[in-house]
Amino acid sequence: MQSTKELNVSEMPAISAAGNFLSHTDEIRLAGLIATGKVARVELATGRACAADSARLDKDIGLAQAARTEFLLRNQGLVGMVARRYFETGLTHEDHMQEGQIGLLKAIDRYDPAKGTRFSTFAVWWIWQSIGRAVANTGSTIRLPANVKQKTMAAAHRNSANATTGADSKSG
């Protein structure tokens, strides 16, 4: 695993105040903290850590939780961006946002910066998948398989886009 810069929980708000989005180096550092926290949680669960190691592992778990929260807070815009595409699907905007948060949490847990992708690229897929699955499962009275619902929504989106472009060309 890559070495990460030592980061205190008290430093987390300084990163938050820096701007809306995380830089790629911040993404890598926070992902490293989360990975270290996962390892620490496993070590504590096995019970083989001594008292001195236990304090360090508790600190690593706390830093991982703070890093996870930072990822969550700094990427709320991604959830809103994806959720906006799902109007007129039978669920409320709040439902879309909640399902998108679940997808964002999955993305945070599964993100690996060593694969070379930015977090936002990786997270949008998980958010989209989570919202799409919720719409497919609960968005209508008759439940359709997810792939059929996705094709239906894509066709409706194309039709509405064609209708707007057609209306614009007629008025001009």
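The structure under discussion appears in the preceding block.
Residues numbered from 1 in each chain as written. Predicted model: local features only at pLDDT ≥ 70, side-chain atom pairs only at ≥ 80, totals over all residues. Heavy atoms only, no water.

> What is the right way to read the packing of helix α3 (residues 51-74) against helix α5 (residues 93-110) from this model?
The angle between the axes and the distance between the axes are what describe a pair of packed helices. It is at 10 Å that the axes of α3 and α5 come closest, and there the two elements cross at 135 degrees. Judged by the inter-axis angle, α3 sits oblique to α5. The hand of the α3/α5 crossing is right-handed. Contacts between α3 and α5 involve Arg68, Phe71 and Leu72 from the first element and Gln101, Leu104, Leu105, Ile108 and Asp109 from the second. A breakdown of the residues in the contact of α3 with α5 according to their chemical character gives 5 nonpolar, 1 polar and 2 charged. (Axes fitted to C-alpha atoms, helices over the stretch in contact; angles between N-to-C directions. Helix = DSSP H or I, 4+ residues; strand = E, 2+ residues; numbered from the N terminus. Parallel < 35°, antiparallel > 145°, perpendicular 65-115°, else oblique. Left-handed = near helix turned anticlockwise from the far one by under 90°. Contact = heavy atoms within 4.5 Å. Nonpolar A, V, L, I, M, F, W, Y, C, P; charged D, E, K, R; others polar.)

> It is not clear to me how the packing of helix α4 (residues 76-83) against helix α6 (residues 119-138) should be interpreted in this structure. Could you clarify?
Contact geometry for α4 and α6: axes closest at 10 Å, N-to-C directions at 45 degrees. Taken together, the axes of α4 and α6 lie oblique to each other. Pair α4 / α6 crosses with right-handed handedness. Facing α4, whose interface residues are Leu78, Val79, Met81, Val82 and Ala83, α6 presents Ser120, Ala123, Val124, Ile127, Trp128 and Ile131. Its residues assigned to classes, the contact of α4 with α6 shows 10 nonpolar, 1 polar and no charged.

> What am I meant to see in the nonpolar core here?
Looking at soluble globular proteins, one finds that nonpolar side chains tend to be buried together. Counting 25 residues, the largest nonpolar core has Phe71, Leu104, Phe119, Ala123, Ile127 and Ile131 as its most contacted members. Listed by contribution, the elements that provide at least two residues to this core are α2 (24-46), α3, α4, α5 and α6. Tallying contributions element by element places α6 first for this core, with 7 residues. Not counting chain neighbours up to four residues away, the residues in contact with Leu104 comprise Leu72, Asn75, Gln76, Val79, Phe119, Ala123 and Ile127. (Core = buried A, V, L, I, M, F, W, Y, C linked by side-chain atoms within 4.5 Å. Buried < 20%, exposed > 50% of the residue type's maximum accessible area, 1.4 Å probe, protein only.)

Keep in mind these values describe shape, not function.
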